[in-house]
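So you can see what is in the structure, the chains are spelled out below.
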Amino acid sequence: MTETTPASSPPSRQRPAEETSPTEGTSPAERTAPVEDFTTCDGGGTWSGLRPLLLRLHFYAGVLVGPFLLVAAVTGLLYTAAPQIESVVHRHELKVTPRGEPKPLTAQVEAAREAVPGGRLVSVTKGAGADDTTRVGFDVEGLPEGRTRTAFVDPYDAEVRGTLLTSGEWLPVRSWFDDLHRNLNLGEFGRNYSEIAASWLWVEVLGGIALWLGAPRSRERLRRLFVPRRGPKGRRRTLSWHGAVGLWAAIGLLALSATGLTWSAHAGTTIGRLQDSLGGATPSISSTLDHGTHGGPAAGAGAGADGSPVGSPTGSRTDSSTGSPATKVDLDEAVRIARAEGLRGRLVITPPADTGSAYVVRENTRHWPEQQDSIAIDPATGEITDELLFDDFPVLAKLTRWGIDAHMGLLFGPANQIVLALVAIALIGMLLWGYRMWWLRRPTRAGGTRFGRPPVRGAWRRVPGRVMAPLVVVAAVLAYCLPLFGLPLVCFLLVDLTVAQVRRRERAHTEAHAGTSKETVR
């Protein structure tokens, strides 16, 4: 006769403190359904040993880096609407009613100078459309680094419609949203948050894909890879949504991570050096004149804005409208030369900074197809001294340009913005589903409020040495190249060791107390 099993499980069958029952946090219907589960490992080999380690890393990164990703996703979602908000808020400065022939750029710059007294002219932007205002940028003493005071001039009557503090081509509204997403408007220190998010986003995405695709499932349920479950609410349905949506959004998330790292504070420097070493650096045009060759003012060949000779070979006389040495070629002539050379769309003109510099005229069309050609023009002769075509950029430089503009929602216009918004919403959803799964894993029998249990510890012991050694090397290299990947990784290890030590002491205390109780009973 078989002996009846006692109601209480023997000690050897008790679950470790950090292990979770697969049925905890699920409904009865879910417990009988043959669905995929991240926590399940079938078969042997390298994957069966590597999967628990990957799962534990995915868990810790999700819990601890999740808040950084959530903030980046929310601020990024807000940023996708910035162009439309900017066009409404600053419509008066940006748009005019076309009428007649535009005034010369020199007259427009003169009007802008009166609106920004004491400013040093740094750029003039001629709009692509007939209803665009002309932007005249000035460097004014006391402005924050990277900011200019820009006057917006009606090209038809040279009326200044307003002056704004701008960052590059961004007006205050978009600049505020840009800084919010980049650094939470906290300056350089705030950039660390977005770099942590970018440094770990690709890790979470690739790890999640591996876990989701590697989860055991029957052939008839392969469609669950892409289609979330519709069954009863619970952890497994949440997991299904987390995994399926993540698979759909993976390419977009990886692209955002890669492009975000390219202009980050720490990793961006490393990536820039690597790009330079591969010959993929973004080229720049030279504005320096060779006076002996081009007959600039130092050679005595300078001329005034009206074509008259400059009074001094040193170029001491200046044009009041441009703030640059008086020359034969004025702003309007520079634009005419640029158009003749094939430059189209919005043009940004940088006037000569001194007698040894040229005009630089560049295209600034950041939607597809990109127009980023530029030329340098000798202000004394009108001769083109340098030319830089976007078609001649190295492939890596082009990819960087396209990637950044796509990241900012510029490359494909509204369609680009919509895709970015959907990817941001997907990331927000995955993070919330992840935290919900963690909450549903919490113990419910002990009473009180406790956090969900992490995956079982000691996963690294299951990984074969031939696999673990390269992983450690790769992690060390990545930590060196991406400092804000390495620092959180060390924090994860410290948290894991601390939690293990605390639970070990709790377990020892509990066992000691249980032993004392037994002695008392005896």
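Chains are numbered independently. Their residues run from 1 in the order of the written sequence. Where totals are concerned, whole chains, interfaces and linings use all residues; where local detail is concerned, this predicted model gives features only for residues with pLDDT of at least 70, and gives and counts side-chain atom pairs only at 80 or more. Hydrogens and water molecules were not included; the side-chain quantities draw on all heavy atoms of the structure.

1. Section: the packing of aromatic side chains
Pairs were defined over the aromatic rings of Phe, Tyr and Trp, the Trp ring being its six-membered one, requiring ring centres within 6.5 Å. Orientation was assigned from the angle between planes: stacked under 30 degrees, edge-to-face over 60, tilted for the rest. Following the criterion strictly, the structure yields 14 aromatic pairs and no others. Relative to Phe485, the ring of Trp200 has its centre 4.7 Å away and its plane inclined at 35°; by these criteria the two rings are tilted. Of this pair, Trp200 sits in helix H8 (residues 191–214) while Phe485 sits in helix H16 (residues 483–521); the two residues are 285 residues apart in sequence, bridging distant segments of the chain. Relative accessibility under 20% of the residue-type maximum defines a buried residue, over 50% an exposed one, and the middle range a partly exposed one, all with a 1.4 Å probe and only protein chains included. Assessed through its relative accessible area of 6%, Phe485 is described here as buried. Relative to Trp248, the ring of Phe226 has its centre 5.8 Å away and its plane inclined at 70°; by these criteria the two rings are edge-to-face. Each helix corresponds to a stretch of at least 4 residues labelled H or I by DSSP, and each strand to a stretch of at least 2 residues labelled E; elements are numbered beginning at the N terminus.

2. Re the side chain of Arg135
Summarising the element assignment, Arg135 is placed in strand S2 (residues 134–139). No salt bridge is formed by the buried Arg135; its nearest oppositely charged neighbour, Glu86, is found at 5.5 Å. By the criterion applied in these results, polar contacts are pairs of N or O atoms within 3.5 Å in which, for protein atoms, one can donate a hydrogen and the other can accept it, and in which residues neighboring in sequence qualify only through two side-chain atoms. At 3.0 Å, the side chain of Arg135 and the backbone oxygen of Glu169 are in polar contact. The contact criterion used is simple: two residues touch if any of their non-hydrogen atoms lie within 4.5 Å. Not counting residues up to four positions away in its chain, the partners in contact with Arg135 are Leu94, Ser123, Val124, Thr125, Thr150, Ala151, Phe152, Glu169, Leu171 and Arg346. The positive count covers Lys and Arg only, the negative count covers Asp and Glu only, and His and the chain ends enter neither. A carboxyl oxygen of Asp or Glu within 4 Å of a side-chain nitrogen of Lys or Arg is what we treat as a salt bridge.

3. A word on the environment of Ala353
Looking at the element boundaries, Ala353 is found in the loop between strand S5 (347–350) and strand S6 (359–363). Of the residues examined, Ala353 reaches a relative accessible area of 65% and is grouped as exposed. Distance in space between the C-alpha atoms of Ala353 and Arg120 is 9.8 Å, their sequence separation being 233 residues.

4. With respect to the confidence of the model for the protein chain
Every residue gets a pLDDT, meaning the predictor's confidence in that residue, from 0 to 100. In this model, the protein chain carries a mean pLDDT of 83, and residues with pLDDT of at least 70 account for 79%. The low-confidence segment residues 1–43, where pLDDT is below 50, has 77 contacts with residues more than four positions distant or belonging to other chains. Note on residues 292–324: pLDDT under 50 across the span, and 71 contacts to partners over four residues away in sequence or across chains.

5. Some points on the sheet that holds S2
Taken in spatial order, the eight strands make up an open sheet running S4-S3-S2-S1-S5-S6-S7-S8, and their pairing is antiparallel. Across the chains shown, the open sheet's two edge strands, defined by having one partner strand only, are strand S4 (160–167) and strand S8 (384–388). The average angle at which neighbouring strand axes cross in this sheet is 20°, direction not considered. In short, DSSP must find at least two bridges between two strands for them to pair. Here S5 pairs with S6 via four bridges, running antiparallel. Bridge assignment links Thr350 to a residue of S6, and that residue is Val360. To obtain an axis, a line is fitted to C-alpha atoms, over the contacting stretch when the element is a helix, and the angle between two such axes runs from 0 to 180 degrees between their N-to-C directions.

6. Some details on the packing of helix H3 (residues 66–80) against helix H7 (residues 172–183)
Describing two packed helices takes the angle between their axes plus the distance from one axis to the other. The contact between H3 and H7 brings their axes to 8 Å, and the two run at 165°. Considered as vectors, H3 and H7 are oriented roughly antiparallel to each other. Classified by chirality, the crossing of H7 by H3 is left-handed. The segment H3 lies against H7, with Ala72, Thr75, Gly76, Leu78 and Tyr79 engaging Arg174, Phe177, Asp178, Leu180 and His181. Gly is placed with the polar residues, together with every amino acid not listed as nonpolar (Ala, Val, Leu, Ile, Met, Phe, Trp, Tyr, Cys and Pro) or charged (Asp, Glu, Lys and Arg). Of the residues contributing to the contact of H3 with H7, the split by class is five nonpolar, three polar and two charged. Oblique is the label for any angle not covered by the other classes, which are roughly parallel (under 35 degrees), roughly antiparallel (over 145) and roughly perpendicular (65 to 115). The crossing is said to be left-handed when, going from far helix to near helix, the turn is anticlockwise and less than a right angle, and right-handed when the turn is clockwise.

7. Section: the nonpolar core
One recurring pattern in soluble globular proteins is that nonpolar side chains are buried together. Among buried residues, the Ala, Val, Leu, Ile, Met, Phe, Trp, Tyr and Cys ones that are joined through side-chain atoms within 4.5 Å form a nonpolar core. In this structure, Trp200, Leu253, Leu427 and Phe492 are the most contacted members of the largest nonpolar core, which totals 33 residues. Those elements that place two or more of their residues in this core are helix H2 (46–64), H3, H8, helix H9 (235–262), helix H14 (413–440) and H16. Here the element with the most residues in this core is H8; it accounts for eight residues. Ignoring any residue separated from it by four or fewer positions in sequence, one finds Trp200 in contact with Leu57, Ala61, Val65, Leu484, Phe485, Pro488, Leu489 and Phe492. Grouped together as the second largest cluster of nonpolar side chains are 23 residues, Leu105, Ala334, Ala338 and Ile375 included.

8. Some remarks on the packing of H3 against helix H4 (residues 82–89)
Close contact between H3 and H4 brings their axes to 5 Å; oriented N to C, the two are set at 45°. Judged by the angle between their axes, H3 and H4 are oblique. When H3 is examined against H4, the residues Leu78, Tyr79 and Thr80 are found in contact with a partner set consisting of Ala82, Pro83 and Gln84. Of the residues assigned to the contact of H3 with H4, the class counts are four nonpolar, two polar and no charged.

9. Comments concerning helix H10 (residues 267–277)
Inspection of H10 places Ala267, Gly268 and Gln275 among the buried residues, and these make up the whole buried set. Along the axis of H10, the buried positions cluster into a sector of 95°, meaning they face one direction only. Among the exposed residues of H10, those pointing more than 90 degrees away from its buried face are Arg273 and Ser277. Once H10 ends, the next one or two residues include Gly279, with phi positive near 75°. Picture the helix axis, draw a direction to every C-beta atom, and the arc is the one those directions span.

10. A look at unusual backbone geometry
Cis geometry is adopted by the peptide bond preceding Pro369, which originates at Trp368 and carries an omega value of -5°. Topologically, Pro369 is positioned in the loop between S6 and strand S7 (374–377). Backbone geometry at Leu184 places phi at a positive 60°, although glycine is not the residue there. With respect to the helices and strands, Leu184 occurs in the loop between H7 and H8. Residue classification places Leu184 among the partly exposed residues on the basis of a relative accessible area of 30%. The phi angle at Asn185 is positive, at roughly 60°, despite the residue not being glycine. As for its position among the elements, Asn185 is in the loop between H7 and H8.

11. Brief notes about a nonpolar patch on the surface
Each patch groups residues whose relative accessible area exceeds 30% and which form no salt bridge, using 9 Å between like charges and 5 Å between nonpolar side chains of Val, Leu, Ile, Met, Phe, Trp and Tyr. Under the convention used here, a 1.4 Å probe and the Shrake-Rupley method define accessible areas, while residue burial counts only the protein chains that appear. Residues Leu274, Leu278, Val395, Leu396 and Leu399 make up a contiguous nonpolar surface patch of roughly 480 Å² in combined accessible area. Looking at the nonpolar patch element by element, the count peaks at three residues for helix H13 (residues 395–407). Structurally, Leu278 is set in the loop between H10 and helix H11 (291–294). When its relative accessible area of 58% is taken as the criterion, Leu278 is described as exposed.

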